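Secondary and tertiary structure notes
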Amino acid sequence: MTAQAETTTGHGFATAAKSAAGYLDEAANSNGREKVQMVLKALTRTEIDTPHLVEIGPGGGAALQYLIESLTSATDRPRRLDVTLIEAPGIVSETLARTIDRYNATDLGTCTLTNGLAQEMGAILDRPVDIVAASALMHEVYSYGSGYRGIHEMMQSLPTVLKPGGHFAYRDVRTVDAGTLHETDTHAYTHRGWLQFIRMFTPQYLRDSLHPYHHSGDDPTVRQGSRRVALEDIDPRTSAIITGPIGLFREIQRHYITFRDYAWRSGALGFIPQLDGQYAADWIDAATGHKRVHFKLTEAEWVSPRQRALLKNISEPYGDHYVTDGDIFDECTDAAIIELLTAAENGNEPCAAVWGEWIEREGHETYVYLTLSELLTEFAISSAEANTNTVMMPRTARDVLTPGRAYYTRYLHNRLPNPLPDGKQLVLFTNIPAHDTEAITAGVETLRPLCNRATMARLHSALIQMM
């Protein structure tokens, strides 16, 4: 979590919403294995007996929980690992507090929690760090920390707190496969729920959020039938062709998924799927993303008896809950979302509240800030310009991973004629000293196939000036 400062749009960090009871303990408390994957790799490259790990934005403690499990079961772990957690002021998680106590009750090392902003790490930490870890940090910095300036400040602060040879393990959503977020693309939308979401979400996002889509060619155009319509006038019952920046389509796709997840967890759709735990991965075919979904019914008053009866009829009792095919569950989810969005637009207070709460928590965030090429080279260039005589780069091709999410990919292909690739990107940066020409050469060779010529030229210039 990052800055609470007001952005130019007047939307500061959603501290109250994101520290509400249970939010971090649920919505930000999953994927621990993926969050720690690069940290564990960094530990294998750290030779000292008691490394110092800093995690920025620990959320509900998912990464710390998995770290405990990994270290207690490993035979070649360091004798101790001291952990410092940095969380934004005012953000509280009961699950995280319990996990910190659990860590300190083991012989793994110490774990402490402190409050502060990512851009101010140098003032927060009292000693050099071996590993810094963060998940989904960049979009928080961008959305609530003055846009690209905040990102560059954070990039330049990292090498000042890392030891030479230290590591930054970073995980975030996958960006677009394009040279720039402003590259023009055309997407077709045929599903009523998606069209209704685009009509409600996109105008307020472009109007009220901090985003980069201000170029003359960034204004999206919408056509339904033979005529051009405004975003807010889209008819959800008619297919639409939209032309605009590819980054904006990534925003729409990502935000629909986050809204769907939020609506699930809230119980507002009339059911709550089990998104974590043993029943979250009941695969029929993991490779294709086909699974069974376990869920419980809720007492959402606005849900129609027809919708509730339909879900029961296509499901089977399973202990204290129900289970059904994931594709069928997705159909029921989208039907319920259409009902919820329609009710919200028609003034239904509970449904409008669900939409408003999601907008406050998630709807103003910009998830796509840089392409992978830009991300890798901007880190290298910013660190080279930080006057630490080090440069941050991934050293091998295995230090840059883009794992897909099969379940979400399956859903997107079933709903969108031309979905963008969905997944995560994991990068392990090494803070390479300027005198280590062998490591710098390896880093440049790692970046070469991943970055375009223009960004590589900028990197070479920065390296020459540093060395």
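Since the structure is predicted, the reported quantities are computational estimates derived from the model, not experimental observations.

What follows concerns the nonpolar core. Counting residues in hydrophobic clusters, the biggest one holds 56 residues, and the most contacted among them are Y189, L340 and W355. For this core, the elements supplying multiple residues, two or more each, are α9 (192–208), β9 (240–245), α10 (246–266), β12 (290–297), α12 (326–345), α13 (349–363) and α15 (406–415). Element by element, the count of residues in this core is highest for α10, at 10 residues. Those residues in contact with W355 that sit more than four places away from it in its chain are F197, M200, F201, F259, L341 and A344. Among the nonpolar cores identified, the runner-up in size contains 49 residues, and L372, A380, M393 and I432 belong to it.

With that out of the way, let us pick up the packing of aromatic side chains. Applying the stated criterion across every chain, the model contains 24 aromatic pairs. Measuring from centroid to centroid gives 5.5 Å for F168 and F379, while their planes differ by 40°, and the two rings are tilted. You can see F168 sitting in strand β5 (residues 162–173) and its partner F379 sitting in helix α14 (residues 372–384), a full 211 residues away along the chain. Pair check on accessibility: F168 and F379 agree, each one buried. When the ring of F201 is compared with that of W358, the centres are 6.0 Å apart and the planes differ by 55°; the resulting orientation is tilted. Here F201 is found in helix α9, whereas its partner W358 is found in helix α13, with 157 residues between them in sequence. Here W358 falls in the buried class, since its relative accessible area comes to 0%. By way of ring pairs, the aromatic residues W194, F197, F201, Y205, Y256, F259, W355 and W358 are connected into one cluster.

Another aspect to go through is the environment of T238. Here T238 is to be found in the loop between β8 (227–229) and β9. Sequence separation of T238 and A188 is 50 residues, and the distance between their C-alpha atoms is 11 Å. Beyond its immediate sequence surroundings of up to four residues, T238 is in contact with L195 and Q224.

What follows is about the sheet that holds strand β7 (residues 221–224). The strand order across the open sheet built from 4 strands is β6-β9-β7-β8, with neighbouring strands paired in antiparallel fashion. A strand with exactly one partner marks an edge of an open sheet, and here the two such strands are β6 (184–189) and β8. Strand after strand, the sheet turns through a mean of 30° between neighbouring axes, direction not considered. With 6 bridges joining them, β6 and β9 adopt antiparallel strand pairing. Pairing of T184 across the sheet is with P245, part of β9.

Here R254 lies in helix α10. Leaving out residues up to four positions away in the same chain, R254 has contacts with V173, Y367, R405 and K424.

Definitions and limits used
- Residues numbered from 1 in each chain as written.
- Predicted model: local features only at pLDDT ≥ 70, side-chain atom pairs only at ≥ 80, totals over all residues.
- Heavy atoms only, no water.
- Core = buried A, V, L, I, M, F, W, Y, C linked by side-chain atoms within 4.5 Å.
- Buried < 20%, exposed > 50% of the residue type's maximum accessible area, 1.4 Å probe, protein only.
- Helix = DSSP H or I, 4+ residues; strand = E, 2+ residues; numbered from the N terminus.
- Contact = heavy atoms within 4.5 Å.
- Phe/Tyr/Trp six-rings, centres within 6.5 Å; stacked < 30°, edge-to-face > 60°.
- Pairing = 2+ DSSP bridges.
- Axes fitted to C-alpha atoms, helices over the stretch in contact; angles between N-to-C directions.

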